[in-house]
Amino acid sequence: MAEILSDDSARQEAQRKAEELERLAFLDPLTQTPNRRFVEMSLQTAMHEYQLTNSPFGVLATDLNKLKTINDLFGHANGDRALREVAKMLAGTLRPTDTFGRWGGDEFLAVVRNVENEALIRLAHRCVNNVAQISFSAIGDQMICPSVSIGWALVRPEDSIEKLIERADGLLYDCKTNGPERSLPRARSELIPCGPRLLPSPDDGLHAIHFGTEISTQTLAEVADITEASVRVYQRNTRARFER
C-alpha cells in the first residue's frame with residue numbers, strides 16, 4: 001500500500017513539474033506575462049476562428065515610450081520596473097477574453113477577440129489613459145511616469161497575421177511620431193500626450209523631464225537638451241504645467 005501511495009505521489013510531482021515547465025515556456029520572465037510564442041499561438045487561433053466563423057478580432061501593438069532614455073538616465077533596474085508596471089496595468093485594463101503578452105523589447109501585443117472597430121479604439125484609449133496613472137520613485141525624489149504609444153488594427157478578409165500586425169505597427173509608429181490625437185480618432189479633449197515624463201521635484205537640480213510633447217511653464221529657468229528625443233531638463237524652481 002505504501003509503495004502504491006509513493007508511486008502516485010511521484011507521478012503527481014512529475015506531472016506538476018511538467019505543467020510548470022510548460023507554463024514557463026510561454027512566460028516572459030521579466031513581466032510575468034505571456035511571451036511572444038504564446039501570443040503568436042493566440043493570433044493563429046483567432047485567425048483560424050475568423051476564417052471559419054467570421055468572428056472579428058483585432059490587435060493592439062503597444063510600445064513603452066523612451067525606454068532607452070529611462071535606462072540611460074536612471075539605470076536598467078528602473079527601466080525593468082517601468083516594463084513591469086506597464087505590463088501589469090495593460091493586463092488589468094484588457095478583458096479576460098483577450099490575450100496579452102510581451103512581444104519583445106519595449107513592445108507588447110494584445111489579441112482582442114469579438115470586437116468591432118469603435119470598441120477596439122476605445123480600448124486603446126483606455127490603455128493609454130490608465131498607463132498615464134503610473135508613477136514610481138527613481139533617484140531621490142524624482143518620479144518616473146511611463147507612457148505608451150498604441151497602434152491598432154481590426155482584421156480584414158484579405159489579412160494574413162503579418163499584414164494585420166504591419167497595419168497596427170504603422171499606427172504605432174504614427175502615434176510615437178505625432179501623438180495619439182492623430183492616430184487614435186477621438187475628441188482632443190479626451191486625449192493625453194504620448195511620452196514618459198518625470199514629475200517636478202522641488203529638491204532636485206533636475207526639476208522636470210518630459211519626453212516628446214509640449215510643456216508650458218509659468219517661470220521657465222534654464223533649459224538644456226539631453227537627447228534628440230525632445231527630452232528637456234527644467235532646473236530647480238521651474239514650475240511646469242503638463243498640457244493635456
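**Examining helix α4 (residues 76-93)**
Inference 1: Over its 18 residues, α4 extends 26 Å from the first C-alpha to the last, a length consistent with the 26 Å expected when each residue adds 1.5 Å.
Inference 2: Among the residues making up α4, those that are buried are N78, G79, A82, L83, V86, A87, L90 and T93.

**A closer look at helix α2 (residues 36-53)**
Inference 1: Between its first and last C-alpha, α2 extends 25 Å over 18 residues, near the 26 Å set by a 1.5 Å rise per residue.
Inference 2: Restricting attention to buried positions, one finds in α2 the residues V39, S42, L43, A46, M47 and Y50. Looking straight down α2, one finds that the buried residues subtend no more than 135 degrees of arc, so they occupy a single side. With respect to the buried face of α2, the exposed residues turned more than 90 degrees away are Q44, Q51 and L52.

**Focus on the confidence of the model for the protein chain**
Inference 1: Looking at the protein chain, pLDDT values average 75 and 65% of them are 70 or higher.
Inference 2: When mean pLDDT is compared element by element in the protein chain, strand β3 (residues 107-113) scores highest at 98, while strand β9 (residues 215-219) scores lowest at 26.
Inference 3: In this model residues 187-244 is a low-confidence stretch, pLDDT under 50, and it forms 146 contacts with partners more than four residues away in sequence or in other chains.

**A few points about the packing of helix α3 (residues 67-74) against α4**
Inference 1: Axis separation between α3 and α4 bottoms out at 7 Å; the angle between their running directions is 145 degrees. Where α3 approaches α4, its residues L67, I70, N71 and F74 are matched on the opposing element by H76, N78, G79 and L83.
Inference 2: Of the residues that constitute the contact of α3 with α4, the class distribution is 4 nonpolar, 4 polar and no charged.

**Section: the packing of aromatic side chains**
Inference 1: Using the criterion set out here, one finds 3 aromatic pairs in the structure.
Inference 2: Between the aromatic rings of F26 and F38, the centroid separation amounts to 5.8 Å while the plane-to-plane angle is 70 degrees, which identifies the pairing as edge-to-face. In this pair, F26 sits in the loop between α1 (2-25) and α2 while F38 sits in helix α2, placing the two residues 12 residues apart along the sequence.
Inference 3: Given a relative accessible area of 33%, F38 falls into the partly exposed group.
Inference 4: Plain terms: the ring middles of Y50 and F57 are 6.3 Å apart, the flat faces sit at 75 degrees to each other, and that makes the pair edge-to-face.
Inference 5: The exposure class assigned to Y50 is buried, which follows from its relative accessible area of 11%.
Inference 6: Since its relative accessible area comes to 1%, F57 is described here as buried.

**Overview of the pattern of salt bridges**
Inference 1: Applying the stated criterion across every chain yields a total of 8 salt bridges.
Inference 2: A salt bridge links D72 to K68; the shortest N-O distance between them is 2.8 Å. Taken as a pair, D72 and K68 lie in helix α3 at a separation of 4 residues, close to a single helical turn.
Inference 3: We classify D72 as exposed; its relative accessible area is 53%.
Inference 4: Among the ionic pairs, R95 bridges to D98, the shortest N-O distance being 2.8 Å.
Inference 5: The class for R95 is partly exposed, based on a relative accessible area of 31%.
Inference 6: Residue class for D98 comes out buried when judged on its relative accessible area of 11%.

About the thresholds
- Residues numbered from 1 in each chain as written.
- Predicted model: local features only at pLDDT ≥ 70, side-chain atom pairs only at ≥ 80, totals over all residues.
- Heavy atoms only, no water.
- Helix = DSSP H or I, 4+ residues; strand = E, 2+ residues; numbered from the N terminus.
- Expected span 1.5 Å × (residues − 1).
- Buried < 20%, exposed > 50% of the residue type's maximum accessible area, 1.4 Å probe, protein only.
- Arc of directions from axis to C-beta.
- pLDDT = per-residue confidence, 0-100.
- Contact = heavy atoms within 4.5 Å.
- Axes fitted to C-alpha atoms, helices over the stretch in contact; angles between N-to-C directions.
- Nonpolar A, V, L, I, M, F, W, Y, C, P; charged D, E, K, R; others polar.
- Phe/Tyr/Trp six-rings, centres within 6.5 Å; stacked < 30°, edge-to-face > 60°.
- Salt bridge = Lys/Arg side-chain N within 4 Å of Asp/Glu carboxyl O.

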